[in-house]
Amino acid sequence: MSAVEPAVEYSVRAATLFPLEEHAGASEFLALLDEEPDDDAFRRIGELMYESHAGYSRCGLGVPRTDEIVEVVREAGVREGLIGARVSGAMATYHRRPW
């Protein structure tokens, strides 16, 4: 779980942009699921998840272990049926393409 450290200077810009980017990304994510997703839609869903994880890390709230988990999913990727991953706070998600 991430913790806010009093001695750390956090980026105000990153913390301000994160919820705006999350809203835009979540809206796009949902729109991609409005219809049966094709390969391009699944690829974009994965990108959105990785972008979300990166945004959380830019706020200074990520931890190395969660970055490792996301990177393992990214490396396994489509060949293992994994389209994306994100970790933020106490929640981790990854999505496997349904076959």
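From a predicted model like this one, the values you see are computed outputs, not experimental measurements. Each chain carries its own residue numbering, running from 1 in the direction its sequence is written. Two thresholds apply to this predicted model, a pLDDT of at least 70 for residue-level local features and 80 or more for giving and counting side-chain atom pairs, whereas whole-chain, interface and lining totals are computed over all residues. Side-chain measures here rest on the full set of heavy atoms in the structure, leaving out hydrogens and waters.

Colleague: Looking at this model, I keep getting lost on the nonpolar core. Mind explaining?
Modeller: Side chains of a nonpolar character, in soluble globular proteins, are inclined to be buried together. We call a set of buried Ala, Val, Leu, Ile, Met, Phe, Trp, Tyr and Cys residues a nonpolar core when their side-chain atoms join them within 4.5 Å. Relative accessible area decides the class of each residue, using a 1.4 Å probe on protein chains only: under 20% of the type maximum gives buried, over 50% gives exposed, and in between gives partly exposed. Ranked by size, the top nonpolar core spans 7 residues in total: Y50, V70, V73, A76, L82, A85 and V87. Helix and strand assignments come from DSSP, with helices taken as H or I runs of at least 4 residues and strands as E runs of at least 2, each series counted from the N terminus. Secondary-structure elements contributing two or more residues to this core are α3 (64-76) and β1 (82-88). Residues F29, F42, I45 and L48 belong to the second largest nonpolar core, which totals 6 residues.

Colleague: Whenever I open this one, the pattern of salt bridges confuses me. Can you help?
Modeller: Two side chains with opposite charge may pair up if their charged atoms get near one another. Criterion for a salt bridge: a side-chain nitrogen of Lys or Arg within 4 Å of a carboxyl oxygen of Asp or Glu. This structure, assessed with the given rule, holds 8 salt bridges. In this structure, R74 engages E71 in a salt bridge whose closest nitrogen and oxygen atoms are separated by 3.5 Å. With R74 and E71 both in helix α3 and 3 residues apart, this pair spans about one turn of that helix. The network of salt bridges with shared partners includes E28, R44, E47 and E51.

Colleague: Please explain the packing of helix α1 (residues 12-32) against helix α2 (residues 39-58) as it appears in this structure.
Modeller: A pair of packed helices is captured by two measures, namely the crossing angle of their axes and the spacing between those axes. Here an axis means a line fitted to C-alpha atoms, over the contact stretch when the element is a helix, while the angle between two N-to-C directions is reported on a 0 to 180 degree scale. Their axes nearest at 10 Å, the elements α1 and α2 cross at an angle of 165°. For the element pair α1 / α2, the angle class is roughly antiparallel. In this structure, α1 meets α2 at a crossing whose hand is left-handed. Seen from α1, the contacting residues are A14, F18, E21, E22, G25, E28, F29 and L32; seen from α2, they are A41, R44, I45, L48, M49, S52, G55, Y56 and R58. By the convention adopted, Pro, Cys, Tyr, Trp, Phe, Met, Ile, Leu, Val and Ala count as nonpolar, Lys, Arg, Asp and Glu as charged, and the other residues, Gly among them, as polar. Of the residues assigned to the contact of α1 with α2, the class counts are 9 nonpolar, 3 polar and 5 charged. For classification, angles of less than 35 degrees are called roughly parallel, those exceeding 145 degrees roughly antiparallel, those between 65 and 115 degrees roughly perpendicular, and all remaining angles oblique. By convention, the crossing between two helices is left-handed when the near helix turns anticlockwise from the far helix through less than a right angle, and right-handed when the turn is clockwise. By the convention used here, residues are in contact when the closest approach between their heavy atoms is within 4.5 Å.

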